[in-house]
Each structure stands twice: as structure tokens, then as C-alpha cells.
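An overview of the molecular structure
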Amino acid sequence: MTIFSLWIINKAGGLVYQRNFADGLAALTSNEYLVLAGTLHGIHAITSRLSPMGSSSGVQVIEGETFKMNILLTVTGTKFVLLTSLADATADTVLQKVYDVYADAVMKNPFHTPEMPIRSEGFDISIGVLIGTGQT
């Protein structure tokens, strides 16, 4: 499996963290990433209301021709998004581990303001160790 990118989107739809790991994605500007995060937030909100079976947590996987977008929604409304290759088998496990690192390195940091961009060297290092170059 190849992990292309990790996004963290706050409950208001703002992109608070974005990091690319493997080659293969189009080069985007920071503004384009912000627009994509806001669009995904809107799609997620719409799909959470479309379920014919009652309440839903929204879309969890979006699959394209060459990639998958896996989404983990936390109880606080933060979304963790992992862009992977189609041969993905472990994205849910990786997303859960990313969430654990986020809880330890970001949410326990007394200098971090919730819902604001993540600027934590410890978080960056831990994510780098967890995902590496994106090749698993």
C-alpha cells in the first residue's frame, strides 16, 4: 500500500494539518488544499444526512480510479483523511494510530489552541515514524 497524503480537518471544515508522503499526487498550493478540505467537509455533512437507514456518520471511503480517500470522524468532529493507493488494506488501522498520536502529541500540548493549525515538531516526528515514506 502507498500512502500519498494525510489531512486533518477541524470541525468547522478548516484544514489544520496536511502532509504528503509519496510521489504521485498533483502538486497543489496551500489555498487549493484549503478549498479541497472545505469541499470534503461539505460532502461529509451531506452524506451523513442521506442515509436511508437513519443516522449515519457520513462517507468513510471515496474511491477514484487511482486512489482511495479514507476518512475517520472523531467524536469531536475532527476528520482524519488518508489518501492511499487502491491496494489499500490497512488505512483504518493507520488512521486510528494517527488519531492516537494526535491525542498524545497535540491535544495534551498546553500550547496548542484547539481548531487551529497544528505546529508541533513532536507530532511531525511521530507521524513521520508512523507513516515514513508512504510505502508500507
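Above this text you will find the structure in question.
Definitions and limits used
Residues numbered from 1 in each chain as written. Predicted model: local features only at pLDDT ≥ 70, side-chain atom pairs only at ≥ 80, totals over all residues. Heavy atoms only, no water. Core = buried A, V, L, I, M, F, W, Y, C linked by side-chain atoms within 4.5 Å. Buried < 20%, exposed > 50% of the residue type's maximum accessible area, 1.4 Å probe, protein only. Helix = DSSP H or I, 4+ residues; strand = E, 2+ residues; numbered from the N terminus. Contact = heavy atoms within 4.5 Å. Pairing = 2+ DSSP bridges. Axes fitted to C-alpha atoms, helices over the stretch in contact; angles between N-to-C directions. Phe/Tyr/Trp six-rings, centres within 6.5 Å; stacked < 30°, edge-to-face > 60°.

Details of the nonpolar core
Membership of the largest hydrophobic core comes to 20 residues, with the highest contact counts inside it found for Ile 8, Leu 82, Ile 118, Phe 123, Ile 127 and Ile 131. Of all the secondary structure elements, the ones that give two or more residues to this core are strand S1 (3-9), strand S2 (15-20), strand S5 (79-84), helix H2 (91-105) and helix H3 (121-131). The leading source of residues in this core is H2, at 6 residues. Non-local contacts of Ile 118, meaning those with residues more than four positions away in its chain, are made with Ile 8, Val 16, Tyr 17, Tyr 102, Val 106, His 112 and Phe 123. Of all hydrophobic cores here, the second largest spans 13 residues; its members include Ala 22, Met 69, Val 81 and Leu 83.

Some remarks on the sheet that holds S2
As summarised here, the arrangement of the 5 strands in space is S2-S1-S5-S4-S3, forming an open sheet in which the pairing is antiparallel. Only two strands of the sheet have a single partner each, and these edge strands are S2 and strand S3 (61-63). Taking the axes of each pair of neighbouring strands and ignoring which way they run, one obtains an average angle of 15° across the sheet. Relative to strand S4 (residues 68-73), S3 is paired through 3 bridges, and the arrangement is antiparallel. By the bridge assignment for S4, Ile 62 is matched with Met 69. Across the sheet, H3 touches S1, S2 and S5, and the angle it forms with S2 is around 45°.

Some details on the packing of aromatic side chains
Given two aromatic rings, their pairing is described by the distance between the two centres and the angle made by the two planes. As enumerated under the stated definition, the model contains 5 aromatic pairs in all. Taken together, a centroid distance of 5.5 Å and an interplanar angle of 75° make the contact between Phe 80 and Tyr 99 edge-to-face. Highlighted residues: Phe 80 in strand S5 and Tyr 99 in helix H2, separated in sequence by 19 residues. Since its relative accessible area comes to 25%, Tyr 99 is described here as partly exposed. When the ring of Phe 80 is compared with that of Tyr 102, the centres are 5.1 Å apart and the planes differ by 80°; the resulting orientation is edge-to-face. With Phe 80 in strand S5 and Tyr 102 in helix H2, this residue pair connects regions lying 22 residues apart in the sequence. Residue classification places Tyr 102 among the buried positions, given a relative accessible area of 10%. Counting every residue linked through ring pairs, the aromatic cluster contains Tyr 17, Phe 80, Tyr 99, Tyr 102 and Phe 123.

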